[in-house]
Amino acid sequence: MTRIAYLDGAFLPLADARVSALDRGFVFGDGIYEVSAVLDGGLVDNASHLDRLMRSLGEISLALPVTRERLIEIQKELIVRNDLAEGVVYLQVTRGAAEREFGFPKDATPTLFMCTQAKNIAASPSAATGVKVKSVPDLRWQRCDIKSISLLAQVLAKQAASEAGCFEAWMVRDGLVTEGSSSSAFLVLADGTVVTRPNSNAVLPGCTRKALLALAAEGAIRVEERLFTLDEAFTAAEAFMTSASTFLYPIVELDGRPIGTGRPGPVATRLREIYLDFARRDAADPANRP
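Residues numbered from 1 in each chain as written. Predicted model: local features only at pLDDT ≥ 70, side-chain atom pairs only at ≥ 80, totals over all residues. Heavy atoms only, no water.

Caption draft 1: Focus on a nonpolar patch on the surface. A cluster of nonpolar side chains, contributed by Leu-152, Val-155 and Leu-156, occupies part of the molecular surface with about 310 Å² of accessible area. Secondary-structure assignment places Val-155 in helix H5 (residues 152-163). (Patch = residues over 30% accessible without salt bridge, like charges linked within 9 Å, V, L, I, M, F, W, Y side chains within 5 Å. Areas by Shrake-Rupley, 256 points an atom, 1.4 Å probe, with all protein chains shown as cover. Salt bridge = Lys/Arg side-chain N within 4 Å of Asp/Glu carboxyl O. Helix = DSSP H or I, 4+ residues; strand = E, 2+ residues; numbered from the N terminus.)

See below:
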């Protein structure tokens, strides 16, 4: 089946999607992206992702070239055209094509690109086995709360993790874990308390993280939003990560050392089940379906 993408007003085969070599996303990484999960053919927590998109666009003074309502229509159309039952819808907005000058161009039209990717999220084997994580220095800039397409530091972190036989990298600054290269980071203490770093300019405000914290509160699971060190992570009873494309994966090993029993723990397992139930309900909402 030919994958269909959307680019600047047109649906077309992904292989035919082309942007200018002078597009500022290509030249400067001047753009914002977002990823929404799809489960059972419906969008999951999409309003939260679009809220974050609009915030990030505002932080860099970049206009969305279509209305929010039209954006949702395009997402749903891509789900239909690609017969996507489970996976993600990716969208990217750049400042558009212009002569290569650092300052914002006056007349450039923003570029909007969107596509889908099929993924096994609900029944991913990694959710059952847990994943390994490697710690790396956090080399990023000071505005990690903006979902910028400038992801070189995260690419290098993920590559270092891959070369070490790990699924994810946890980035560390001044001895403190900030977040994963493409996920939010969590610990579980011996008493069952869930610990995660509070939102700030140092981390991306995770949408899955936000939903999970609300669900944890409903389930009477105690949560502490505070800083934590790599040393504390080594002694945690459990650890896990969240993202739109994984929901929740237990972490069973960090830097070659087992976390807890070295197997997915009961708190992470329960929270994943709670989140999956939420995701299926949200995806079944008529407002989130094509």
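So, next bit.
Caption draft 2: View of the environment of Gly-25. In this structure, Gly-25 sits in helix H1 (residues 24-28). Considered as a pair, Gly-25 and Val-93 are 68 residues apart in the sequence and their alpha carbons are 8.2 Å apart. Ignoring anything within four residues of it in the chain, the contact list for Gly-25 reads Asp-30, Thr-94 and Ile-149. (Contact = heavy atoms within 4.5 Å.)

Caption draft 3: Molecular detail of helix H2 (residues 46-59). With 14 residues, H2 extends 20 Å from end C-alpha to end C-alpha; this agrees with the ideal 20 Å at 1.5 Å per step. Three or more residues of H2 are buried, namely Asn-46, Ser-48, His-49, Leu-50, Arg-52, Leu-53, Ser-56 and Leu-57. The secondary structure elements touched by the buried residues of H2 are strand E3 (31-39), strand E4 (42-44), helix H3 (68-81), strand E5 (87-94), helix H6 (207-218) and helix H8 (266-284). Positioned one or two residues after H2, Ser-61 has a phi angle of 55°, which is positive. (Expected span 1.5 Å × (residues − 1). Buried < 20%, exposed > 50% of the residue type's maximum accessible area, 1.4 Å probe, protein only.)

Caption draft 4: Representation of the packing of H6 against H8 within the structure. Close contact between H6 and H8 brings their axes to 10 Å; oriented N to C, the two are set at 105°. Looking at the two axes, H6 sits roughly perpendicular to H8. Facing H6, whose interface residues are Thr-208, Ala-211, Leu-212, Leu-215 and Ala-216, H8 presents Leu-271, Ile-274, Tyr-275 and Phe-278. When grouped by side-chain class, the residues that make up the contact of H6 with H8 number eight nonpolar, one polar and no charged. (Axes fitted to C-alpha atoms, helices over the stretch in contact; angles between N-to-C directions. Parallel < 35°, antiparallel > 145°, perpendicular 65-115°, else oblique. Nonpolar A, V, L, I, M, F, W, Y, C, P; charged D, E, K, R; others polar.)

Caption draft 5: Structural view of the sheet that holds strand E6 (residues 111-118). Here we have six strands laid out as an open sheet, ordered E2-E1-E6-E5-E3-E4, and antiparallel in their pairing. Each of the sheet's edge strands pairs with one partner strand only, and the pair in question is strand E2 (10-13) and E4. Ignoring strand direction, the axes of neighbouring strands in this sheet form an average angle of 30°. Sheet analysis places E3 next to E5, joined by eight bridges and oriented antiparallel. Bridging from a neighbouring strand, Val-38 pairs with Gly-87 of E5. Contacts from H3 reach strand E1 (4-7), E2, E3, E4, E5 and E6, with the element oriented near 35° to E6. The sheet strands contacting H8 are E3 and E4, and the helix crosses E4 at an angle near 135°. (Pairing = 2+ DSSP bridges.)

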